[in-house]
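Residue strings, one per chain:
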Amino acid sequence: MPHIDVELDRLRNKLLEMWDLVEYQLSSGREAVVNGDKELAQRIIKLDRKVNNFDIKIDRMCENFFALFNPVAVDLRTVLAILKINTNLERVGDTAEGIARFACKLNHPLDPELIELTKVLVMYDEALAMFTECRTAFKEDDPKQAKALIKRDKTLNKIYRKSDAVITKYIKAHPDRIAESLALLSIIKKLERVGDQVTNMAEEIIFYREAKVVKHRRKKKKKE
Amino acid sequence: MKKPSKLEAINLDAYYGDFHALKSINVAMEEKAVTAFIGPSGCGKSTFLRTFNRMNDYIDGFRIDGQILLDGRDIYANDVQVDELRKEVGMVFQKPNPFPKSIFENVVYGLRIQGIKDKKILQETCEKSLRQAAIWDEVKDKLDKSALALSGGQQQRLCIARALAIQPSVILMDEPASALDPISSAKIEELIYELKKDYTIVIVTHNMQQAGRVSDYTAFFYMGELVEYAKTKTMFTSPHDTRTQNYITGRFG
Ligand SMILES: Nc1ncnc2c1ncn2[C@@H]1O[C@H](COP(=O)(O)OP(=O)(O)OP(=O)(O)O)[C@@H](O)[C@H]1O
Ligand SMILES: [Mg+2]
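Only a predicted model underlies this, so the values are computations on that prediction, with no experimental measurement involved.

(A) Representation of the overall build of chain B within the structure. Scanning chain B from N- to C-terminus turns up 10 helices and 10 strands. Here the C-alpha atoms of chain B give a radius of gyration of 18 Å, agreeing with the 18 Å that 2.2 N^0.38 yields for 253 residues. Its C-alpha atoms put chain B at 55 × 45 × 40 Å along the principal axes. Relative to its full complement of 253 residues, chain B shows a buried share of 54%. Sequence-distant contacts in chain B: of pairs separated by 6 or more residues, those separated by 24 or more amount to 67%. Accessible surface, chain B as shown: approximately 11500 Å² in total, 50% of it carbon and sulfur.

(B) View of the overall build of chain A. Along its length, chain A carries 7 helices and 0 strands. Its helices and strands in sequence order give chain A the pattern α-α-α-α-α-α-α, from N to C terminus. Counting the 224 residues in chain A, one finds 47% classified as buried. Counting contacts in chain A only where the partners sit at least 6 residues apart, residues at least 24 apart contribute 85% of the total.

(C) Here's a closer look at the UniProt feature "domain: ABC transporter" (unreviewed entry) in chain B. According to UniProt, the feature "domain: ABC transporter" (unreviewed entry) maps to residues 7–248 of chain B in the numbering used here. For residues 7–248 of chain B, the end-to-end C-alpha separation is 25 Å, with 38% helix and 27% strand making up the annotated structure.

(D) Fine view of the packing of aromatic side chains. Tallied over the entire structure, the rule returns 12 aromatic pairs over all chains. Seen in terms of ring centroids, Phe 37 of chain B and Phe 48 of chain B are 5.3 Å apart; in terms of plane orientation they differ by 20°. Their pairing is stacked. Highlighted residues: Phe 37 of chain B in strand β3 (residues 34–38) and Phe 48 of chain B in helix α1 (residues 45–51), separated in sequence by 11 residues. Of the two residues, Phe 37 of chain B and Phe 48 of chain B, neither departs from the other in class, the shared state being buried. Among the aromatic residues, those joined into a ring-pair cluster are Trp 19, Phe 131, Phe 138 and Tyr 208 of chain A.

(E) Spotlight on the packing of helix α6 (residues 152–165) of chain B against helix α7 (residues 182–195) of chain B. All names here are of chain B. For the pair α6 and α7, the least separation of the axes is 9 Å and the interaxial angle reads 20°. The orientation of α6 relative to α7 falls into the category roughly parallel. In terms of crossing hand, the pair formed by α6 and α7 is right-handed. Residues Gly 153, Gln 156, Arg 157, Ile 160 and Leu 164 of α6 pack against Ser 184, Lys 187, Ile 188, Leu 191 and Leu 195 of α7. Of the residues assigned to the contact of α6 with α7, the class counts are 5 nonpolar, 3 polar and 2 charged.

(F) Region of the structure containing the state of the cysteines. Across all of its chains, the model carries 0 disulfides over all chains by this definition. With no disulfide of its own, Cys 62 of chain A lies 16 Å from the sulfur of Cys 134 of chain A, the closest cysteine sulfur. On the accessibility criterion, Cys 62 of chain A (0% relative accessible area) is buried. Counting only cysteine sulfurs, Cys 159 of chain B is the nearest neighbor of Cys 126 of chain B, a cysteine outside any disulfide, at a range of 13 Å. Take Cys 126 of chain B: its relative accessible area is 1%, and that puts it in the buried class.

(G) Structural context of the UniProt feature "domain: PhoU" (unreviewed entry) in chain A. Residues and elements named next belong to chain A. Listed under "domain: PhoU" (unreviewed entry) in the UniProt record, and renumbered for this structure, are residues 15–102 and 122–205. From the first C-alpha to the last, residues 15–102 spans 27 Å; its make-up is 94% helix and 0% strand. Each end of residues 122–205 is marked by a C-alpha atom, and these two atoms are 26 Å apart; helix forms 92% of the span and strand 0%.

Basis of the calculations
- Residues numbered from 1 in each chain as written.
- Chains lettered and ligands numbered in written order.
- Predicted model: local features only at pLDDT ≥ 70, side-chain atom pairs only at ≥ 80, totals over all residues.
- Heavy atoms only, no water.
- Helix = DSSP H or I, 4+ residues; strand = E, 2+ residues; numbered from the N terminus.
- Rg over C-alpha atoms; globule rule 2.2 N^0.38 Å.
- Buried < 20%, exposed > 50% of the residue type's maximum accessible area, 1.4 Å probe, protein only.
- Contact = heavy atoms within 4.5 Å.
- Areas by Shrake-Rupley, 256 points an atom, 1.4 Å probe, with all protein chains shown as cover.
- UniProt positions renumbered as here; feature names shortened; annotations may be inferred.
- Phe/Tyr/Trp six-rings, centres within 6.5 Å; stacked < 30°, edge-to-face > 60°.
- Axes fitted to C-alpha atoms, helices over the stretch in contact; angles between N-to-C directions.
- Parallel < 35°, antiparallel > 145°, perpendicular 65-115°, else oblique.
- Left-handed = near helix turned anticlockwise from the far one by under 90°.
- Nonpolar A, V, L, I, M, F, W, Y, C, P; charged D, E, K, R; others polar.
- Disulfide = S-S within 2.5 Å.

Structure below.
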């Protein structure tokens, strides 16, 4: 394998490692919310530092790559995409940390009616699925999958748009559960952000794959 | 607004004896812009470049089919005077090739051949050309010294000054900086950037970064074919053809 490909692979693998870590943060966040697991929530919050270190490390690797390899064409687009996905992953990490902080504020057990009405778990599962699929799309260089997952963001937006009204109504009926309701509303807002951030990452995948128009155009009209 | 084409090749085929060196090349090059030719060794870049000032005419067995137009006129037409053509189309080679004469005589060489004797004109042209070639300050005190005593980078800029002295409108450069250190090379690149205000420049280079920095358009050749011709920006961010992509990303073969 050419040296440049070895370096690109190292970069991609580092990003995938970070992707795993953030995925763990995000899916554990769901567990912490559902089970009222404050200890788990604390652990998620602590992982933020590790994610930040990945962010810095990947930035530096990209910088070195630019300086040493002067990438062009698909190589250039790949590293640009990695840089931007890195930034977005770091933000998803922050968002997961935020969810964990609100998870600490929830009193358990949660009211199943509230969960049902807000559809917060449906939303959470959708966000997680998008996130995981985006990782696969990156790993497999698959812009089709990236395009498909962007469409799923609609589900998140739909639930998010209704959440204010749903929660207001719930609070009126259960004035003793205001704090919990507001914490849940905040989590819904965070999940909506996750949808946007994953969409950004998916767009980067499409950019670096598809600007590469590898149509083997042969414009030949040979004179005899 | 698109500038008019200065140079144009129409269905150009070139042969060295039986060897088909250029195959149906069609390309139009913009006036007062820099066009870079890139491609693996032996793909025909120099052959193509030399068709623009008919330098290939000297090679036994060389012939072309098709047309080369300069300002819309066929330069291979019967009534074209090759010396007149060369006044219009100057050339700079890979290896600096100053004559074993003084710096001054090198620069005014072309004018002397044209029969110009007026001292004042010669001196003025010499200074102007050396300034344009960004070497005046380095040589102004030793114009009567031998050109061979200059460094490689200085010799190359001197050769550029010599090409400019005959006031061409096109300058052909065949790997003008490949034998130079990074600083001299950077000076040549700066110079190209300055010169394109007044000249149409075609440059052959093996240095991808250099092509990226100096040129407005890039043409990629492969085995005598013009594979891709595009704005340099497009070529280096999203080339069309797989062969171009493999070449510029260094994954050829
Ligand atoms: N005088 C000649 N006689 C016969 N064949 C020639 C002659 N000059 C060049 N060729 C052949 O024509 C082809 C193109 O040569 P050319 O010098 O144009 O390539 P190039 O792209 O400039 O290569 P490089 O990057 O090595 O300078 C080559 O296969 C070469 O062997
Ligand atoms: Mg050559």
